[in-house]
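Overview (structure and organization)
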Amino acid sequence: MPIILEEDLQKLKDSLSTIFSVINNLAADKDEVRRAKSIPLGNGLATHKKEDSQMLINVKGASVGKTPRKDGRFCGYCTIEGTRIYRYGHTIEEVKKQLTTIIKSGKAPKKKRRTALTLTSWTENWLELYKKPKVKPKTLISIGDVLKTALRELGDKSIADITPIQLQQVLISYRSDRVRELASVYLAQIFEKALQLGFIKKDPCAAVEIKKYIAAPREALTHEQQRIFLDAIKGAKHEGLFIFLLSTGLRIGEALALTYNDIDFEQKLVIVTKNVVAVRGGHLFQNSTKSRAGVRKVPLPDTAAAWLPRNKDGNERVFDVTASGPQEYLRKLSKKLGFRVCPHILRHTYATRLEELRVSDKMKQYLLGHSSERMTLHYTHIQDDYLKEIGSEVRNIFDE
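Here we summarise the structure given alongside this text. All of these numbers come straight from a predicted model, not from anything done at the bench.

Let us now look at the overall build of the chain. Each helix and strand in the chain was counted, giving 18 helices and nine strands. Considering the chain as a whole, with its 400 residues, one finds that 35% of them fall into the buried category. When the accessible area of the chain is evaluated, it comes to approximately 26000 Å², of which 54% is carbon and sulfur surface.

Following this line, the structure appears as structure tokens:
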């Protein structure tokens, strides 16, 4: 048996002690790893396998994405008091910083309440984004005027909280049937767009019911009424304008927009290319007519041409007046005459005279500047005296 010196024995003991120490440390490390795996991350955070494969767990108590999302931002999350809290940033470090702040506080941050989208604010956005690019300025102003009552009553309410009954009550409060119907149409468009964009879950206008507005027919002047009217306006300030409207069928906005460049005295034509509309505080000139069909050339009768001097500057307006004066004059005159006269009735009368002359439907549509033949039919009126003239002709057709 070999002899072990005391010096060697001590060295052996030291070596064994080192070996046992390493073994004990390894065992302790294994227990620690096993225990760590059993503890949920982030104050009770339990990640899913799919998420673990996508998230980089290198922040204590949190998980941060390895790669950016489609929008270029990184995503991370932690769990506080059983609530998973997500944070986003342009870099991983930015996300880490946000999550670290939350973990240190130990409290889930309070969710910010979204500012309620009121009917007024949404209506303003709707007008700016979806109406202004498509309609004429005059129409935009008219829409705002129509919606005034609804916005006064419901404007400060969230669009998500407005009920069908509230809308029904507001619409009933409108005094004018025509304005009520327009308000119903515009509100339906406003809420339909809000529904499409996800601002509301249900359209309250779907349950609203109102009586359909039926416009009172605007009758054309009979031949006798036309004679009485022309006698009554002799010497009036706007006599020339009224004769011009009656004999050309132009809308009053089209007539007021005319300059002498638009009058072809040689060919006896009126060239219609623009329109003027009345707005609060004055007139607004537009570079286009009511529709594309409004651009046209209309015969200029001698009776109307006689009121137009030829030595005027081409850019000078033919009728340098506003619409309110002539309209107010006709309103007062109507009471005296016992039948209604307005610029639009003069236009109806022109259309009816074309019908009596057996002008073709297509030509009437062109002269009146209508985009559809159906609209032209609305403007023509078959009157008793005309029926008497052609009655025998019609009867003869069926008597043969």
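With that out of the way, let us pick up the sheet that holds strand β5 (residues 263-264). As summarised here, the arrangement of the three strands in space is β5-β6-β9, forming an open sheet in which the pairing is antiparallel. What marks the edges here is a single partner per strand, and that holds for β5 and β9 (296-299).

Its place among the elements puts R180 in helix α9 (residues 177-196). With a relative accessible area of 15%, R180 lands in the buried category. Only 2.9 Å separates the side chain of R180 from the backbone oxygen of L171, close enough to count as a polar contact.

Burial runs high along strand β3 (residues 74-80): seven of the seven residues are buried. What you see with β3 is no split at all: F74, G76, C78 and I80 on one side and C75, Y77 and T79 on the other are buried throughout. Pairing of strand β2 (residues 62-65) with β3, which is carried by two bridges, proceeds in the antiparallel orientation. Paired with V64 across the bridge in β3 is G76. Two elements, β3 and strand β4 (residues 83-89), share seven bridges in a ladder whose sense is antiparallel. Within β4, the residue paired with I80 across the bridge is T83. Between β3 and the antiparallel strand that follows it, β4, lie two residues; E81 among them carries a positive phi value of about 55 degrees.

Turning to helix α15 (residues 343-356), a few remarks are in order. Its 14 residues give α15 an end-to-end C-alpha distance of 20 Å, which sits within 8% of 20 Å, the value for a rise of 1.5 Å per residue. Of all 14 residues making up α15, twelve are buried, and the element is well covered by its neighbours. Among all positions of α15, only P343, I345, L346, R347, H348, T349, Y350, A351, T352, R353, L354 and E356 are buried. Downstream of α15 by a residue or two, R358 has a phi angle that is positive, lying close to 60 degrees.

Let's shift gears to the packing of α15 against helix α16 (residues 361-368). In the contact formed by α15 and α16, the axes pass within 10 Å of each other and the chain directions differ by 155 degrees. The angle between α15 and α16 falls in the class roughly antiparallel. Crossing angle aside, the handedness with which α15 passes α16 is right-handed. For the pair α15 and α16, contact is made by R347, Y350, A351, L354 and E355 and by D361, K364, L367 and L368, respectively. Of the residues in the contact of α15 with α16, the class split is five nonpolar, no polar and four charged.

It is worth spelling out the side chain of E181 at this point. Looking at the secondary structure, you find E181 in helix α9. Engagement of the side chain of E181 in a polar contact is seen with the side chain of R178, the distance being 3.2 Å. With sequence-adjacent residues up to four places away left out, E181 is seen in contact with I210, K212 and Y213.

Parameters at a glance
- Residues numbered from 1 in each chain as written.
- Predicted model: local features only at pLDDT ≥ 70, side-chain atom pairs only at ≥ 80, totals over all residues.
- Heavy atoms only, no water.
- Helix = DSSP H or I, 4+ residues; strand = E, 2+ residues; numbered from the N terminus.
- Buried < 20%, exposed > 50% of the residue type's maximum accessible area, 1.4 Å probe, protein only.
- Areas by Shrake-Rupley, 256 points an atom, 1.4 Å probe, with all protein chains shown as cover.
- Pairing = 2+ DSSP bridges.
- Polar contact = N/O pair within 3.5 Å; in protein donor to acceptor, adjacent residues only side chain to side chain.
- Expected span 1.5 Å × (residues − 1).
- Axes fitted to C-alpha atoms, helices over the stretch in contact; angles between N-to-C directions.
- Parallel < 35°, antiparallel > 145°, perpendicular 65-115°, else oblique.
- Left-handed = near helix turned anticlockwise from the far one by under 90°.
- Contact = heavy atoms within 4.5 Å.
- Nonpolar A, V, L, I, M, F, W, Y, C, P; charged D, E, K, R; others polar.

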